[in-house]
Amino acid sequence: MARLFIVEDDASLRENLVRMLKLKGHECLCCESFANAAVEALAACPDCILLDLSLPGAYGHEICRSIRQGSNVPIIVLTSSDSEFDEVMSMNVGADDYVVKPYRPAALLARIDRALARSGSADPARGCLEHGGVSLDPVRAEVSYRGKSVELSRNELLILRILMENAGSIISRSELMDELWQTDAFVDDNTLTVNVNRLRRSLQSAGVPDDFITTRRGLGYVIR
Amino acid sequence: MNGSIRESPTPASSLSTASPHDPAPVSPGPTPPAADDRADRPERAYSFGAYLRSRAGFAFGVVALIAVVAGIMAVTGSNASAIALVSLCEALFASATLAGGFLRDREFYQQLDLFCDSPENARYLSSILDEPRTLEGSIAYRALAVQGKAASDELAARSRDMKEYRNYIELWVHEAKTPIASAQLALSNLHGPEINKVRGDLDRIESRVEQALYYARSATLSEDFSIEKLNLAALARKACRQRSRALIGAGVSLEFAIDETLEVLTDAKWTDFIIGQVLENSAKYGAKTIRFESTVKDAGTKDGCIELAIGDDGDGIPAADVPRVFDRGFTGSRGRTHHKATGMGLHLAAVACARMGLGLRVSSEEGTGTTVALTFPIDRTRMDLAANLTTS
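Residues numbered from 1 in each chain as written. Chains lettered and ligands numbered in written order. Predicted model: local features only at pLDDT ≥ 70, side-chain atom pairs only at ≥ 80, totals over all residues. Heavy atoms only, no water.

Peer 1: Before we go on, may I ask you to explain the environment of Ser81(A) in this structure?
Peer 2: Inspection of the secondary structure assignment puts Ser81(A) in the loop between β6 (75-79) and α4 (84-92). What makes Ser81(A) buried here is its relative accessible area of 11%. (Helix = DSSP H or I, 4+ residues; strand = E, 2+ residues; numbered from the N terminus. Buried < 20%, exposed > 50% of the residue type's maximum accessible area, 1.4 Å probe, protein only.)

If you want it as structure tokens, here you go:
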């Protein structure tokens, strides 16, 4: 769990961002006054700062520069401008990453995780998933059941991770495919079936009960 | 593929290479104002012969005058040598008047004539030419100056309006992106078929908003380019990732046959947009498989290029519609029945390709599929490319 400081003027986007980040286990603080954004950000001692560039009465680049002068905290710029100027400028004033709106939530989370890992403030225990005796460490890409490790391919690991992260909800086949596509594994419907079946067999051979991953016909897969 | 084929008009037509199996392009595209026209138009050049012909009335009058004077002199008993001398003097005087008039106006009219061949410069005419000394020339000159200034003012006002409009669209697009981002975050932890449908709708809004931005930018395309060396396979994969939900929703399988080492000189954002329009069309019109294939053509020659062919097994385009796929606002018979077509996607793609010096070719057979081939010239330095942008 990391402490994130958010500088974003759009109230609706801010609320949704905070809600999503909190669900993923992050602690969120929001900027109250944009004129003092840099001071507030430094006072909050966050692990990572999410900064919008276009703010009322303040310049995102200026805030970024002021924060960088006082701290080495990772800064991720979130903006709706895809201009090269803004991107280069952000990097010049000390931003670590540049994400253009609208962004995929998963992509943003991955960038936050990467920024945290680079700055060394990532919690090593964070991200370990455990369900029904099966534990998964996404950072080390290790799966084990009752102390016995299970060998999984990259796609199988990703499928298992998504299902375990959302244990209890039905994940549709297209959602799984979408997540796989985001990692450049452009699987089609048949390949996904093969991957899921192979994942089941691997888990079964380690002794995981047959019904660990349940198929809901026409809906998708679920881990209960 | 033996169907119909359409090439987008490119500034360098040598870049669009048709494969030997392809039939000749149905339509070569709008032809540029042909230089040959000049041979057909009536003689306009300000030569002495032409000048004389236009002064035929004066010459005729002089001849008549000489005849009359000679007649009078003959009747009043002047001798032949006196008549000849007076006639010669009159002829010399008339010739000198004609020659003087020609020489005095020659520079102005010859320069004026040059402008007939470059209408785009006609507005600046009065600031380049000196005012002629003759009465008619001076009036014409002033009329041209006033007209040129009016045209320039009009043009400046229009381009200011357009720039403002473009700025507004850009601002609007950026503002629209914030609520889209917000809505996507709000959906991020919800699962189920209804939510997926909403996600799909959001993607469609995003894609349309993006198209509006690219349309606004296409007017000032050369300012928006940043040409870099980019990995072709990575470009194709990124375009697929970004449109994953539309493609998965349509049940499309992807096949990649792109040489991983190939690098192309192009603008990342625009190329992503162009590939994206092709992918969205494929998904919209029944494709189940989309295959990416790269080919290096004529390597080592000045026409050398890298071709990215994006082929699908969708509904295809009726032969009658193929020649018009790049036309602005053209939706075709299938597009109209789908009610989703704007007719802007491929048009913008063709405009961008023409400006960037890339080739774009569509070949299709109804019922079999469509292949869009995008060609990137190899043998081009950045400067070469930049020169192309400023002239187009």
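Peer 1: Where do I start with the sheet that holds strand β8 (residues 129-131) of chain A in this structure?
Peer 2: In a beta sheet, neighbouring strands are held together by backbone hydrogen bonds and run either parallel or antiparallel to one another. Residue and element names in this part refer to chain A. Pairing within the open sheet is antiparallel, and its four strands lie in the order β8-β9-β10-β11. Strands with a single pairing partner mark the edges of an open sheet, and in this sheet they are β8 and β11 (148-150). Neighbour-to-neighbour, the strand axes of this sheet turn through a mean angle of 25°, independent of strand direction. In this structure, strand β10 (residues 142-145) lies alongside β11, joined through three bridges in antiparallel fashion. Looking across to β11, one finds that Val143 is bridged to Val150. Contacts between helix α6 (residues 154-165) and the sheet are confined to β8, β9 (134-137) and β10, with β9 contributing the most and set at about 115° to the helix. (Pairing = 2+ DSSP bridges. Axes fitted to C-alpha atoms, helices over the stretch in contact; angles between N-to-C directions. Contact = heavy atoms within 4.5 Å.)

Peer 1: Please explain empty space enclosed by the protein as it appears in this structure.
Peer 2: If you roll a probe as big as a water molecule over the atoms, it shows you where there is empty space left. Residue and element names in this part refer to chain B. This structure, assessed with the given rule, holds two cavities of 30 Å³ or more. By volume, the largest cavity is sized at about 560 Å³. Together, 34 residues line the largest cavity, and Asn281, Tyr285, Ile317, Thr331 and Leu346 are the ones closest to its centre. At the level of elements, α7 (193-218), α11 (268-284), β6 (305-312), α12 (332-338), α13 (345-356) and β8 (369-377) are the ones that each hand at least two residues to the lining of the largest cavity. (1 Å grid on protein atoms, 1.4 Å probe; cavity = no way out; pocket = protein on both sides within 12 Å on 5 of 7 lines; lining within 4 Å. Points joined across faces, edges and corners; volume = space filled by probe spheres on them.)

Peer 1: What is the right way to read a nonpolar patch on the surface from this model?
Peer 2: Together, Tyr165(B), Tyr168(B) and Trp172(B) give the surface a local cluster of nonpolar side chains, amounting to about 380 Å² of exposed area. Here Tyr165(B) shows up in helix α6 (residues 135-187). (Patch = residues over 30% accessible without salt bridge, like charges linked within 9 Å, V, L, I, M, F, W, Y side chains within 5 Å. Areas by Shrake-Rupley, 256 points an atom, 1.4 Å probe, with all protein chains shown as cover. Salt bridge = Lys/Arg side-chain N within 4 Å of Asp/Glu carboxyl O.)

Peer 1: Just to check I follow, could you spell out the layout of surface pockets for this structure?
Peer 2: When its volume is computed, the second largest pocket comes out at roughly 440 Å³. Taken together, 20 residues line the second largest pocket, and the ones lying closest to its centre are Ser54(A), Ser80(A), Leu171(B), His174(B) and Glu175(B). Breaking the lining of the second largest pocket down by element, the ones donating at least two residues are α3 (60-70) of chain A together with α6 of chain B. Here the element with the most residues in the lining of the second largest pocket is α6(B); it accounts for seven residues. Here the residues of the lining of the second largest pocket sort into two nonpolar, nine polar and nine charged. (Nonpolar A, V, L, I, M, F, W, Y, C, P; charged D, E, K, R; others polar.)

Peer 1: So what exactly am I meant to see when it comes to the sheet that holds strand β7 (residues 97-100) of chain A here?
Peer 2: Residue and element names in this part refer to chain A. With parallel pairing, five strands are arranged side by side in an open sheet as β2-β1-β3-β6-β7. Only two strands of the sheet have a single neighbouring strand rather than two, namely β2 (27-30) and β7. On average, adjacent strands in this sheet sit at an angle of 20° to one another, irrespective of strand direction. Bridging between strand β3 (residues 48-52) and β6 involves four bridges; their strand directions are parallel. Along β6, the bridge assignment pairs Ile49 with Ile75. Where helix α5 (residues 105-119) meets the sheet, it contacts β1 (3-7), β3, β6 and β7, and its direction lies at approximately 175° from that of β7.

Peer 1: Even after reading the chapter, I still don't get the pairing of strand β4 (residues 263-267) of chain B, so can you show me in this structure?
Peer 2: The two faces of a sheet get side chains in turn, since along a regular strand they alternate between them. Residues and elements named next belong to chain B. For β4, the tally of buried residues reaches four of five residues, placing the bulk of the element in the interior. In this structure, strand β2 (residues 227-231) lies alongside β4, joined through five bridges in antiparallel fashion. Residue Asn231 lies in a different strand from β4, and its bridge partner there is Glu263.

Peer 1: What exactly am I supposed to notice about the interface of chain B and chain A here?
Peer 2: As a measure of interface size, the accessible area lost when the parts come together is often cited. Facing the 34 residues of chain B at the interface are 34 residues of chain A. Between chain B and chain A lies a buried interface of about 2900 Å² when both sides are counted; carbon and sulfur atoms form 56% of it. By the criterion of area lost to chain A, the three top residues of chain B are Leu185(B), His191(B) and Ile248(B), representing 23% of everything that side buries. Along the contact surface separating chain B from chain A lie five salt bridges. A salt bridge links Arg237(B) to Asp184(A); the nearest nitrogen and oxygen atoms lie 3.4 Å apart. Inspection of the chain B/chain A interface yields 18 residue pairs in polar contact (both at pLDDT 80 or more). Listed by contribution, the elements that provide at least two residues to the side of chain B that touches chain A are α6, α7, α9 (232-242), α10 (244-249) and β3 (253-257) of chain B. Residue composition of the side of chain B that touches chain A, by class: 13 nonpolar, 13 polar and eight charged. (Buried area = accessible area lost by both parts, 1.4 Å probe. Polar contact = N/O pair within 3.5 Å; in protein donor to acceptor, adjacent residues only side chain to side chain.)

Peer 1: Looking at this structure, I do not really get the confidence of the model for chain B. What am I missing?
Peer 2: Overall, the predicted model of chain B reaches an average pLDDT of 82, with 84% of residues at or above 70. Across residues 10-41 of chain B the pLDDT falls below 50, and counting only partners more than four positions away or on other chains, this stretch makes 43 contacts in the model. (pLDDT = per-residue confidence, 0-100.)

Peer 1: How should the environment of Ser364(B) be read in this particular structure?
Peer 2: Residues and elements named next belong to chain B. Position of Ser364 among the secondary structure elements: in strand β7 (residues 359-365). Taking relative accessible area as the criterion, Ser364 reaches 1% and is therefore assigned buried. It is 24 Å that separates the C-alpha atoms of Ser364 and Asp298, two residues lying 66 residues apart in sequence. Within the structure, the side chain of Ser364 is placed 2.8 Å from the backbone nitrogen of Ile317, a separation counted as a polar contact. Side-chain polar atoms of Ser364 contact the backbone oxygen of Gly369, separated by 3.1 Å.

Peer 1: When you look at unusual backbone geometry in this model, what are you seeing that I'm missing?
Peer 2: All names here are of chain A. With omega at -15°, the peptide bond leading from Lys101 into Pro102 counts as cis. With respect to the secondary-structure elements, Pro102 resides in the loop between β7 and α5. The residue Cys45 is not glycine, and still its phi comes out positive at about 50°. Note that Cys45 resides in the loop between α2 (37-44) and β3. Despite not being glycine, Asp184 has its phi angle at roughly 70°, a positive value. Along the polypeptide, Asp184 turns up in the loop between α7 (173-182) and α8 (189-205).

Peer 1: Looking at this structure, I do not really get α6(A). What am I missing?
Peer 2: For the α-helix, the turn length of 3.6 residues means that residues three or four positions removed from each other point alike. Given a rise of 1.5 Å per residue, twelve residues ought to cover 16 Å, and the 16 Å separating the end C-alpha atoms of α6(A) matches this to within 8%. For α6(A), the full list of buried residues reads Asn155(A), Glu156(A), Leu157(A), Leu158(A), Ile159(A), Leu160(A), Ile162(A), Leu163(A) and Met164(A). (Expected span 1.5 Å × (residues − 1).)

Peer 1: Help me out: how do you make sense of the environment of Ala341(B) in this one?
Peer 2: Among the structural elements, Ala341(B) can be located in the loop between α12 and α13. With 177 residues separating them in the primary sequence, Ala341(B) and Glu164(B) have C-alpha atoms 28 Å apart.

Peer 1: What am I meant to see in the pattern of salt bridges here?
Peer 2: A side chain with one charge can pair with a side chain of the opposite charge if their charged atoms come near. Evaluation of the coordinates by the stated rule reveals 32 salt bridges over all chains. Across the pair Arg68(A) and Asp96(A) runs a salt bridge, and its minimum N-O distance is 2.7 Å. Of the two residues, Arg68(A) is situated in helix α3 and Asp96(A) in the loop between α4 and β7; the sequence distance between them amounts to 28 residues. Here Asp272(B) ties to Arg243(B) by a salt bridge, and the two come within 3.4 Å at their closest N and O atoms. Pair noted here: Asp272(B) is in helix α11 and Arg243(B) is in the loop between α9 and α10, with a separation of 29 residues, a long-range link. Each member of the pair, Asp272(B) together with Arg243(B), is buried. The structure contains a network of salt bridges with shared partners spanning Asp82(A), Arg166(B), Glu170(B) and Arg217(B).

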